[in-house]
Amino acid sequence: MAKVAILGYGTVGSGVYDVLTKNSARVSTSAGEAIEIKYVLDLRDFPGQPVEKVLVHDYEKIVSDPEVSVVVEVMGGLKPSYDFVKRALEAGKSVCTSNKALVAEYGPELLKTAAEHNVLFLFEAAVGGGIPIIRPLRDCLSADRIDRIAGILNGTTNYILTRMEREGSTYGEMLKDAQSLGYAERDPSADVDGWDACRKIAILASIVTGKQVRYQDVPTEGIAQITREDMRYAAEWDMKIKLIAAADFADDGVSCHVAPTMLGRDSQLYYVDDVINGVHVHGDQVGNLLFTGAGAGKYPTASAVACDVVECVRSAGLPKRNLSFAGKAALVPEDETTTAAFIRLPEESLEEARKCLPVLKEIHGVKPGEAGIAVSAVKVGDLKAAAEKLKTVKVLRMA
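Scoring rules and cut-offs
- Numbers given for residues are sequential positions, taken from 1 along each chain in its written order.
- pLDDT decides what is reported in this predicted model: residues at 70 or higher carry local features, side-chain atom pairs at 80 or more are listed and counted, and totals for whole chains, interfaces and linings draw on all residues regardless.
- In computing side-chain properties, one takes all heavy atoms of the structure into account and sets aside hydrogens as well as water.
- Numbering of helices and strands runs from the N terminus; a helix is a DSSP stretch of H or I covering at least four residues, while a strand is a stretch of E covering at least two.
- Only C-alpha atoms enter the radius of gyration; for comparison, a globular chain is expected to reach 2.2 Å times N to the power 0.38, where N is the number of residues.
- Working definition: with a 1.4 Å probe on protein chains only, accessible area under 20% of the residue-type maximum means buried, over 50% means exposed, and in between means partly exposed.
- For two strands to count as paired, DSSP must find a minimum of two bridges between them.
- Fitting a line to C-alpha atoms yields each axis, with helices limited to the stretch in contact; the angle taken between N-to-C directions then spans 0 to 180 degrees.
- Any two residues whose heavy atoms approach within 4.5 Å at even a single point are treated as in contact.
- As used in this record, nonpolar core signifies buried Ala, Val, Leu, Ile, Met, Phe, Trp, Tyr and Cys residues forming a set joined through side-chain atoms within 4.5 Å.
- For this quantity, the arc is that covered by the directions from the helix axis to the C-beta atoms.
- By convention in these notes, a salt bridge is any Lys or Arg side-chain nitrogen within 4 Å of a carboxyl oxygen on Asp or Glu.

Turning next to the overall build of the chain. Within the chain, the secondary structure is distributed over 14 helices and 15 strands. Expected size for 399 residues packed as a compact globule is a radius of gyration near 21 Å; at 23 Å, the chain falls within 12% of this value. With the C-alpha coordinates aligned to their principal axes, the bounding extent of the chain is approximately 75 × 45 × 35 Å. Taken across its 399 residues, the chain has 55% of its residues classed as buried.

Written as structure tokens, this is what we have:
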């Protein structure tokens, strides 16, 4: 029987506890042996609840117990998560986590530590919640050259933008609505400023390249500046605005960004609405693939964590196969990358725009004294220079 410890009994931790206990027969069959939760670590007490029987407050009891072979870290944050995870790996225990901040910051080091001690460090739930994406990239698509990954990787921002589009509401109104429903935190900055999606695309890009893509180096823009007028322009062209995290892979390096983007119906991500996440992958052999589903939430995330636990138990006695982020990936400078774009600008700047940019189409009448133009792919550096010259109101990527 495999013994497991869960660090943290919050939303995800209690979900993992429920999945491993309520679905114990299914989980044990998949793992090849029974799985028992020996410990749950939390600072709080839960009198009268079943978890009370296995609750501990001291991590030393877990890390020093030779019976515990798998540790589940679902506390979040970097401290004390990093210390607990590293010590568990060094003690010969495999670790499963949903902690994207931990993976984005310390992934290379923790993967190296896991390999040195022949244990696993798995984090399927850290990207896309319940959506399987890391295993497909690692295993199912291992014969393909991945050219591009683009995704809606944050449910909070997708919900806000979807409601703005449907109802003509403001960003501020929909943020308050998302907070009232529990989709957005009291401090929503990690979501709405794009950093949650940024960490996730950095992790996915690192998996594809086998080298670390530092999230701090990914150009990142949030959604707070999106207005009702932007939504009206998009609707005129039968498009939607989504927060897209993208990575393109070429011989000269990786280009990554997170930014609000106008999408047409020819994009598979156009149809991913509300709190749902979607990840589009293009491989040179398989073509286009779309992974979509619940990108967060108690049980979707817990399901992905439990799947990692099963893999750890199933691999007992076997050589362990971890991902590796060896060295740092070469990132193409943002200004050297290309993008199509939507630009709002004063009517008086329109003639100059036609001269300096490859304008595809124009739209008038959405707002007095203003026009909107669609521009074919240009270098981002050139786009920035033109935008400043034309005194633009707004510049959005298009895909």
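Moving on, we get to the sheet that holds strand E8 (residues 240–250). Strand order in the open sheet made by the 9 strands is E11-E10-E7-E8-E9-E15-E12-E14-E13, with mixed pairing throughout. Looking at strand neighbours, the two that pair on one side only are strand E11 (287–294) and strand E13 (359–364), the edges of this open sheet. Strand after strand, the sheet turns through a mean of 25° between neighbouring axes, direction not considered. Where strand E9 (residues 253–263) and strand E15 (residues 394–398) come together, 2 bridges link them in parallel fashion. In the sheet register, Thr261 faces E15, and the bridge partner there is Arg397. Packed onto the sheet, helix H10 (residues 195–209) meets strand E7 (146–152), E8, E9 and strand E10 (276–283) and runs at close to 25° relative to E8.

Turning our attention to unusual backbone geometry. With an omega of 5°, the peptide bond running from Lys79 to Pro80 counts as cis. Along the chain, the position of Pro80 falls in the loop between strand E4 (68–73) and helix H4 (81–90). At Asp274, a position not held by glycine, the phi torsion is positive, near 60°. With respect to the helices and strands, the residue Asp274 is situated in the loop between E9 and E10.

Formed by 84 residues in total, the largest nonpolar core has its most connected members in Phe121 and Phe123. Ignoring sequence-local partners within four residues, the contact set of Phe121 consists of Val85, Leu89, Val95, Thr97, Val103, Leu110, Leu111, Ala114 and Asn322. By size, the runner-up hydrophobic cluster in this structure holds 33 residues, among which are Ile6, Ile37, Phe46 and Leu120.

What follows is about helix H11 (residues 228–236). Buried residues of H11: Asp230, Met231, Tyr233 and Ala234, and no others. Down the axis, H11 shows its buried residues gathered within 160° of arc, on one side only. Among the exposed residues of H11, those oriented more than 90 degrees off its buried face are Ala235 and Glu236. A positive phi of about 55° marks Asp238, the residue just after H11.

Moving on, we get to the pattern of salt bridges. Evaluated as defined, the whole model comprises 37 salt bridges. For Lys240, the salt bridge is made with Asp273, and the minimal N-O distance between the two is 3.0 Å. Within this pair, whereas Lys240 is found in strand E8, its partner Asp273 is found in the loop between E9 and E10, the two being separated by 33 residues in sequence. Take Lys240: its relative accessible area is 10%, and that puts it in the buried class. Overall, Asp273 belongs to the buried group, its relative accessible area being 14%. Across the salt bridge formed by Glu334 and Lys384, the nearest N and O atoms sit 3.3 Å from each other. Pair noted here: Glu334 is in the loop between helix H12 (298–314) and strand E12 (338–346) and Lys384 is in helix H14 (residues 380–389), with a separation of 50 residues, a long-range link. Among the residues examined, Glu334 registers a relative accessible area of 26% and is labelled partly exposed. Via salt bridges that share partners, Glu124, Arg135, Arg138, Asp139, Asp308, Glu311 and Arg321 belong to a single interconnected network.

Such coordinate-based values are descriptive only and should not be taken to indicate function.
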